[in-house]
Amino acid sequence: MTQISEIRFDVQGMHCGSCVGRVEAALRKVPGIQTASVNLASGTAVITTASGEQPALQAMADAGYQAEVARTVSDDTAARDAAADLAFNRFRNAGLLTLPVFLLEMGGHLFPALHHLIARTIGTETSWIIQCVLTTLVLAFPGRVFFAKGIPALIRRAPDMNALVALGAGAAYAFSGVALFLPGLLPDGTRAVYFEAAAVIVTLILLGRWLETRAKARTGVAIKRLLDLRPTTARVLRNGETFDLPIAEVLVDDVILIRPGESIAADGIVIDGHSHVDESMITGEPIAVEKQVGDQLVGGTINGNGALKMQAQAVGQKTMLAAIITMVAAAQDARLPVQDLVNRITAWFVPAVLAIALITVAAWLILGPDPVVAYALVAGVSVLIIACPCAMGLATPMSIMVGIGRAAELGVLFRQGDALQVLQGVDVVAFDKTGTLTKGAPVLVETLALDGDSTGLLRHVAAVEAKSEHPLAAAIVAAVDGPLPESRDFAAIPGRGLRGIVEDAPVLIGNAALLQEAGIDPAPLVAKAASFAAMGQTTVLVAIDGRPAGVLAIADQLRPSAKTTVEALQNKGVQVVMVTGDSQAAGDAIAAQLGLTKVIADVLPSEKVAAIQALQADGARVAFVGDGINDAPVLAAADVGIAMGTGADVAVETADVVLMSGDPKGVLNAIVVSRATLSNIRQNLGWAFGYNILLIPVAAGILFPIWGLLLSPALAAGAMALSSVLVVLNALRLRRVDGGIG
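Note that the structure is predicted; figures quoted are calculated from it, not measured.

For the rest of this paragraph, the subject is the packing of helix H7 (residues 161-181) against helix H12 (residues 337-367). In contact at an axis separation of 10 Å, H7 and H12 are set at 20 degrees when each is read in the N-to-C sense. By the angle class used here, H7 and H12 are roughly parallel. As H7 packs across H12, the resulting crossing turns out to be left-handed. Here Met 161, Leu 164 and Leu 167 of H7 lie close against H12, whose contacting residues are Val 350, Val 353 and Leu 354.

Right under this line is the structure:
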């Protein structure tokens, strides 16, 4: 059987949405590649293939893009900083050379005295020669990148953003060169130079790329923070000796000593000590978690004031932190369904702009006033320069990267990138009760003693329950302070309860049938037990020394944020439903506490999928929130499956979204981030498309017949550079999204 693998590449040289389309098209033509997704914001390509990496690398090289396999998720801050430094150096050098050109040509228009001064001193011809020399330096050095990439793209008949800039700046430069050195080739009255346009175009676009590169570097802040959590060394205890080892040398089952304030080196279990651990960067929860013997520790979290000794259970790439980093990076590389439409448009965008530029030049040559050639050149160059496929290509991936990164900071991990788009439109959120809305750990909530001595009743019951392995027994024993009396003659009676002898008194603990079979009338206890049961609590009847003694009520407690989460979701127009295997009465009791109006009760694990499908029957989009192994099928059946990160591994692996804190408020955080991200994408796309639709006709000269206005190529370059920067800056606003519940 052919093995399918997923491979991630770092791709160099992508600058706009048309680049993305070409790389994807090249990859999809390779036999054996099943899917290909390219992300302009992160500069990555992800494929699923049976052909290995080499055919894909060759296909991208043939398309004009160098790539290499991204072996692991890494902190690319240094690389991004280097790219930003390179972009700044190009802009600075271009700016220093362009400033004199601009002053020589445009200064005279702004300040007539300067024009007369140039004419009296060096003369117009010499001024043009100086402009020519400086502009040549601009195009040959800092601006060389546009020609080095744009001209080959034109030769391959796959023009990109670089090609537009190369054509625009090159046309202005070539016309100016003819006007300066071969003026006889031009019609009378058309001799003029546009060296300043060529230089300013390159300089302003280099400024835009520098600002864009700087801003894009900030989109990876979530990954960087996660990577910064990775410890570099660990203090390991081996054969009675302590060693400070590089983290790569730590092994499973090593005993690790963790001092106060240190980063925890691996996933494992506490075997000695007591402390509080800051898990905020993993779970999004700001409150430190108490840790003692037997508790789990997560690598990368920060120890508090106590000293701990732990046994490593997962190290290196097997840790939860490594899995989270990989998951976040993969989700950031995802492409939402809306991006497919954008890619189809941008694939045709640059050729369409070239066609519009040619039509513009022809229209001006035929219909324009004198000097017709100059007007045609200015309009044609402005069309080439103002068009911005960069903004369209960045609109979606930038928002995805920042949005998913912000979600990770709030403890929400999107395992599937397209879940980000689906989740924002869900109509119903269905919660499994146990372990999601409730803690999943029963506690004793009521102790009713007929003789008024509830403490004595509880101690007698706990003494017997201490020998039981039932989950309810643990809840009862945990409720007792201090030592328990001795019990003997313990016995578990299937379907009935327990019995034992405490302080020479026989004790029966169980249901009414157990008491009746012992000849004890349960009537004094039944009514109160029924009232507890009506509130969704599990009841235990107790008889001591042959007489009814009291009732204990045990319940699964609501999570602290459950009620506020339900209220917040309902206020946002989302219907909240609870699904439970409990009786309808018990489910209704919990629902009343939460303010829920719809409960699906008495549902067996095998019936949950049918329950979700019934909710979907009317076209509603349903998100299901669960945490158990038996929730895996329903998580897959829902439009969006949301798993508690504290739940079973199978549930987590099946889900589209994982809540690391195991807190239901994470559902609200996920929906808030999802809605904010999709809104941000719509804003970016609206700006990117609206900008091009409105300003390309302006650049072509549509306003000239009305108001006599013709856009300068320099202004066109400035507008184009600004459009991409605005898209990136708008996406960065998602870093401030708040989940809504503190």
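The structure having been displayed, the exposition proceeds.
As recorded in UniProt, the feature "domain: HMA" (unreviewed entry) lies at residues 5-68. Spanning residues 5-68, this segment combines 33% helix with 34% strand, and its end C-alpha atoms are found 16 Å apart.

Moving on, we get to the UniProt feature "transmembrane region" (unreviewed entry) in the chain. UniProt's entry tags residues 96-116, 128-151, 163-186, 192-211, 345-367, 373-396, 685-707 and 713-732 with the feature "transmembrane region" (unreviewed entry), counted in the numbering of this structure. Taken end to end, residues 685-707 comprises 87% helix and 0% strand; its first and last C-alpha atoms sit 30 Å apart.

Residues Ile 129, Val 133, Leu 137 and Phe 141 make up a contiguous nonpolar surface patch of roughly 340 Å² in combined accessible area. Within the secondary structure layout, Leu 137 lies in helix H5 (residues 124-140).

Let us look at the packing of H7 against helix H13 (residues 372-386). It is the contact of H7 with H13, at a shortest axis distance of 8 Å, that shows an interaxial angle of 160 degrees. With respect to H13, the axis of H7 lies roughly antiparallel. Seen from above, H7 lies across H13 with left-handed handedness. In this structure, H7 uses Leu 164, Val 165, Leu 167, Gly 168, Ala 169, Ala 171, Ala 172 and Phe 175 to contact H13, whose residues at the interface are Val 373, Leu 377, Val 381, Leu 384 and Ile 385. Of the residues in the contact of H7 with H13, the class split is 12 nonpolar, one polar and no charged.

Turning our attention to the packing of aromatic side chains. By the definition in use, this model includes nine aromatic pairs. An angle of 25 degrees between the planes, with centres 5.4 Å apart, marks the rings of Trp 364 and Tyr 375 as stacked. With Trp 364 in helix H12 and Tyr 375 in helix H13, the pair connects residues that are 11 residues apart, well separated along the chain. Classification of Trp 364 as buried rests on a relative accessible area of 8%.

Here we come to the sheet that holds strand E11 (residues 296-297). Within the open sheet, the six strands sit side by side as E6-E5-E7-E13-E8-E11. Their pairing is antiparallel. The sheet is open, and its two edges are formed by strand E6 (241-246) and E11, each paired on a single side.

The next subject is the sheet that holds strand E19 (residues 505-510). Here we have six strands laid out as an open sheet, ordered E16-E21-E20-E19-E18-E17, and antiparallel in their pairing. Only two strands of the sheet have a single neighbouring strand rather than two, namely strand E16 (438-449) and strand E17 (487-493). Here the strands of the sheet are splayed against their neighbours by 20 degrees on average, with no regard to which way each runs. Sheet topology note: the strand E20 (residues 538-544)/strand E21 (residues 547-558) ladder contains seven bridges and is antiparallel. The residue of E21 that forms the bridge with Val 540 is Leu 552. Across the sheet, helix H20 (residues 523-534) touches E16, E20 and E21, and the angle it forms with E21 is around 5 degrees.

This part covers the pairing of E19. Most of E19 is tucked away: five of the six residues are buried. Here strand E18 (residues 497-502) pairs with E19 via six bridges, running antiparallel. Note that in E19 the partner of Val 502 across the bridge is Ala 505. Connecting E18 to the antiparallel partner E19 that follows it, the hairpin turn spans two residues, and Glu 503 within it adopts a positive phi of roughly 50 degrees. As paired strands, E19 and E20 are joined by four bridges and run antiparallel to one another. Bridge pairing in E20 links Gly 510 to Leu 541.

Definitions and limits used
Residues numbered from 1 in each chain as written. Predicted model: local features only at pLDDT ≥ 70, side-chain atom pairs only at ≥ 80, totals over all residues. Heavy atoms only, no water. Axes fitted to C-alpha atoms, helices over the stretch in contact; angles between N-to-C directions. Helix = DSSP H or I, 4+ residues; strand = E, 2+ residues; numbered from the N terminus. Parallel < 35°, antiparallel > 145°, perpendicular 65-115°, else oblique. Left-handed = near helix turned anticlockwise from the far one by under 90°. Contact = heavy atoms within 4.5 Å. UniProt positions renumbered as here; feature names shortened; annotations may be inferred. Patch = residues over 30% accessible without salt bridge, like charges linked within 9 Å, V, L, I, M, F, W, Y side chains within 5 Å. Areas by Shrake-Rupley, 256 points an atom, 1.4 Å probe, with all protein chains shown as cover. Salt bridge = Lys/Arg side-chain N within 4 Å of Asp/Glu carboxyl O. Nonpolar A, V, L, I, M, F, W, Y, C, P; charged D, E, K, R; others polar. Phe/Tyr/Trp six-rings, centres within 6.5 Å; stacked < 30°, edge-to-face > 60°. Buried < 20%, exposed > 50% of the residue type's maximum accessible area, 1.4 Å probe, protein only. Pairing = 2+ DSSP bridges.

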